[in-house]
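Here is what each chain is made of, one letter per residue.
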Amino acid sequence: QLQASGGGLVQAGDSLRLSCAASGRTFSSYAVGWFRQAPGKEREFVAGISWSGGSTGYGDSVKGRFTISRDNAKNTVYLQMNSLKPEDTAVYYCAARWTYFSTRNPEYDHWGQGTQVTVSS
């Protein structure tokens, strides 16, 4: 089970840190991806991290601004979002799959409930 949190209303240029907390003793074997979905748009890959944290990847629109990390001792994955833009406004979801992350959302087995991020201009 995944629980995403940390969303909110911020101004352009601000930062937010999202958290994805997982239950279960095998979390350290799972890769985690962050996706987002804005109204009327398809779900978009934001960032992913492998089970060990040794491999990460980002969507083109967030490269250089967002950083994904994980703390397996706390069963938590983080998404640090800096220099936020109005176009980052969306519901952000975390998802998990075995070992290595994918940029394709159908390849994830477990999903959190989503947290709203709103960036005002």
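The residue numbers shown here count from 1 along each chain, following its written sequence. Residues qualify for local features only when their pLDDT is at least 70, as the model is predicted, and side-chain atom pairs are given and counted only at 80 or more; totals for whole chains, interfaces and linings, by contrast, use all residues. To obtain the side-chain values, all non-hydrogen atoms of the structure were used and water was disregarded.

A. A look at the state of the cysteines. Sulfur atoms of two cysteines make up a disulfide when they are within 2.5 Å. In total, this model carries one disulfide according to the counting rule given. Here cysteine 20 is linked by a disulfide to cysteine 94, with a sulfur-sulfur distance of 2.2 Å. Its S-S torsion of approximately 75° makes the covalent link between cysteine 20 and cysteine 94 right-handed. Remark: cysteine 94 occurs in strand 9 (residues 90-98) and cysteine 20 occurs in strand 3 (residues 16-22); sequence separation between them is 74 residues. Summarising the burial analysis for this pair, cysteine 20 and cysteine 94 share the class buried. Going along the chain from the N terminus, every DSSP run of H or I of four or more residues is numbered as a helix, and every run of E of two or more is numbered as a strand. Exposed residues in this analysis have more than 50% of their type's maximum accessible area, buried residues have under 20%, and partly exposed residues fall in between, with area computed by a 1.4 Å probe over protein chains only.

B. Representation of the nonpolar core in the model. Counting 28 residues, the largest nonpolar core has Trp34, Val46, Phe66, Val77, Leu79, Met81 and Tyr92 as its most contacted members. Contributions of two or more residues to this core are made by strand 1 (2-5), strand 3, strand 4 (30-37), strand 5 (44-49), strand 7 (66-71), strand 8 (76-81), strand 9 and strand 11 (115-120). Contact definition: two residues touch when any of their heavy atoms are within 4.5 Å. Setting aside residues no more than four positions away along its own chain, valine 46 makes contact with Trp34, Phe35, Arg36, Gly57, Tyr58, Gly59, Val62, Phe66, Leu79 and Tyr92. Only buried residues count toward a nonpolar core, which is a set of Ala, Val, Leu, Ile, Met, Phe, Trp, Tyr and Cys residues joined through side-chain atoms within 4.5 Å.

C. Geometry of the pattern of salt bridges. A pair is scored as a salt bridge if a Lys or Arg side-chain nitrogen falls within 4 Å of a carboxyl oxygen belonging to Asp or Glu. Enumeration according to the criterion identifies six salt bridges in this entry. Here glutamate 107 ties to arginine 104 by a salt bridge, and the two come within 2.7 Å at their closest N and O atoms. Taken together, the shared-partner salt bridges connect Arg36, Glu44, Arg65 and Asp88 into one network.

D. Main features of the pairing of strand 1. Of the two faces of strand 1, the one lined by Leu2 and Ala4 is fully buried and the one lined by Gln3 and Ser5 carries no buried residue. Pairing of strand 1 with strand 3, which is carried by four bridges, proceeds in the antiparallel orientation. By the bridge assignment for strand 3, leucine 2 is matched with alanine 22. The criterion for strand pairing is that DSSP finds at least two bridges linking the strands in question.

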